[in-house]
Amino acid sequence: MLDVLGLEPGDERVYRTLLGQPNSTAVHLADVAAVSQAHVDKALCRLVEWGLATRSADERFTAAPPAMALGALISQRRDGLRMAEQALVTFAEEHRAAMTGSSITDLIEVVTGVDAIRHRFLQVQQAARTQVRSFITAPFVALPPDENTAEPMALDRGVLFRAVLDRAVLAEPGIVQDAIDSQRNGVQLRVADRVPMKLVLADADLGLVPLAVTPAGEPGAVLLHRSGLLDALDALFETVWRTAHPLELSGCAGESPLTAEFGPQGPTELDRRILALLLAGLTDLTAATQLGLSPRTLHRRLRHLMDMAGVRTRIQLGAHAVRNGWTEPL
């Protein structure tokens, strides 16, 4: 747990033992912690050096108060991260200045192979400071959405994620649950009839565009640095985003599993997901499959929603649902 501060697991174990055994010798701590004497001796030396423990003249050790000792380490690490962030801004500006007037080979990096594309895909998201924008199409070249480990880490840093899904992606197995999980974490999703390409943008500085398979049979991609081409992709994303249909699937955190029961008033969470998927353009069969329903159950629920809305056609139901907020999560 304290490895983020630079402590090794063994150091932390000895420190926690020392918290409950003040004024102890190294021999006693080794017995209590069930570790070797040599290990305890090394850990105690590091703890004293870091200010997490004190040593008396008779070689007895006492843990420093955690609020004081660990608080100081946390403050130092926080100050160091702030300095690193400031250095990042300086380095980024220096890099942009150096790239001005650079040749095309300096602005575009060709990436070949699944592993290399996956590595760059994660790196681009890790480099983002304010936002990540992406076009998502099938098939997935680098890795499927549920394996994107960089997304939750960036979200924790306060990075905004916006993604436009190609409508065909919603037919991929498990994609609806992945979308629900992403929305719960704060990702904004929209759906377009057709997304022009795969794309991921980090701020206005980096862009990764997967391309066609190479003659050798390996997938290829290009990593773009700030340039006129990257500006064009930036504008393309915003244009597609404005015209795409918002996808609202996530329910309240900790909600109970979806059932086929009808709510006493208004549409249930399952009804809202059905409407969201159908308004996004999925067929009845695909929507039912994604939600684990039979087509007959889905049709029965749609009939109930039409009766509830007092309409006769699905087009009228869609208009009523949008006007009355039926497609928004509970």
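Residues numbered from 1 in each chain as written. Predicted model: local features only at pLDDT ≥ 70, side-chain atom pairs only at ≥ 80, totals over all residues. Heavy atoms only, no water.

1. Section: empty space enclosed by the protein
Spelled out, the test is: Site definitions follow a grid-based scheme: protein atoms alone, a 1 Å grid, a 1.4 Å probe that fits but cannot get out for cavities, and for pockets an open set with protein on both sides within 12 Å along at least five of seven lines, plus lining residues having an atom within 4 Å of a point. Grid points are joined across faces, edges and corners, and a volume is the space filled by probe spheres set on the points. Here a strand is any run of E in DSSP of at least two residues, a helix any run of H or I of at least four, and the numbering for each starts at the N terminus. Lys, Arg, Asp and Glu make up the charged group, whereas Ala, Val, Leu, Ile, Met, Phe, Trp, Tyr, Cys and Pro make up the nonpolar group; the residues left over, Gly among them, are polar.
Using the criterion set out here, one finds 1 cavity of 30 Å³ or more in the structure. Of the pockets and cavities examined, the largest cavity occupies roughly 490 Å³. Lining the largest cavity are 30 residues; nearest its centre among them are F121, S134, F135, I136 and P145. Put simply, the parts of the chain that give the lining of the largest cavity at least two residues each are α6 (114–127), β4 (131–136), β5 (160–166), α8 (175–184), β7 (199–202) and β8 (206–213). Split by residue class, the lining of the largest cavity holds 22 nonpolar, 5 polar and 3 charged.

2. Considerations on the nonpolar core
Definition in use: Residues enter a nonpolar core if they are buried and are Ala, Val, Leu, Ile, Met, Phe, Trp, Tyr or Cys, with the set joined through side-chain atoms within 4.5 Å. Each residue's exposure class comes from its accessible area (1.4 Å probe, protein chains only) as a fraction of the maximum for that residue type: buried when under 20%, exposed when over 50%, partly exposed otherwise. Whether two residues are in contact is decided by their heavy atoms, any of which lying within 4.5 Å being enough.
With 53 residues, the main nonpolar core has L170, L249, I274 and L317 as its most contacted residues. Here the element with the most residues in this core is helix α10 (residues 269–279); it accounts for 6 residues. Contacts of L249, omitting those with residues within four sequence positions, involve V176, A179, I180, Q183, E269, R273, A276 and L277. Judged by nonpolar contacts, the second largest core, of 16 residues, contains L29, V35, A43 and L47.

3. A look at the packing of aromatic side chains
The condition is simple: Any two rings among Phe, Tyr and Trp, with Trp reduced to its six-membered ring, count as a pair given centres within 6.5 Å; such a pair is stacked if its planes are under 30 degrees apart, edge-to-face if over 60, and tilted if neither. Sitting over a ring, as applied to charges here, requires NZ of Lys or CZ of Arg to be within 6 Å of the ring centre and within 35 degrees of the ring normal.
Counting across every chain of the model gives 2 aromatic pairs. Aromatic side chains F237 and W241 sit 6.0 Å apart centroid to centroid with 20° between the ring planes, which places their arrangement in the stacked category. Of this pair, F237 and W241 are both found in helix α9 (residues 228–243), 4 residues apart, which corresponds to roughly one turn of the helix. Three or more aromatic residues link up through ring pairs in this structure, and these residues are F135, F237 and W241. For R162, the ring lying beneath its charged end belongs to W241, and the centroid distance is 5.0 Å.

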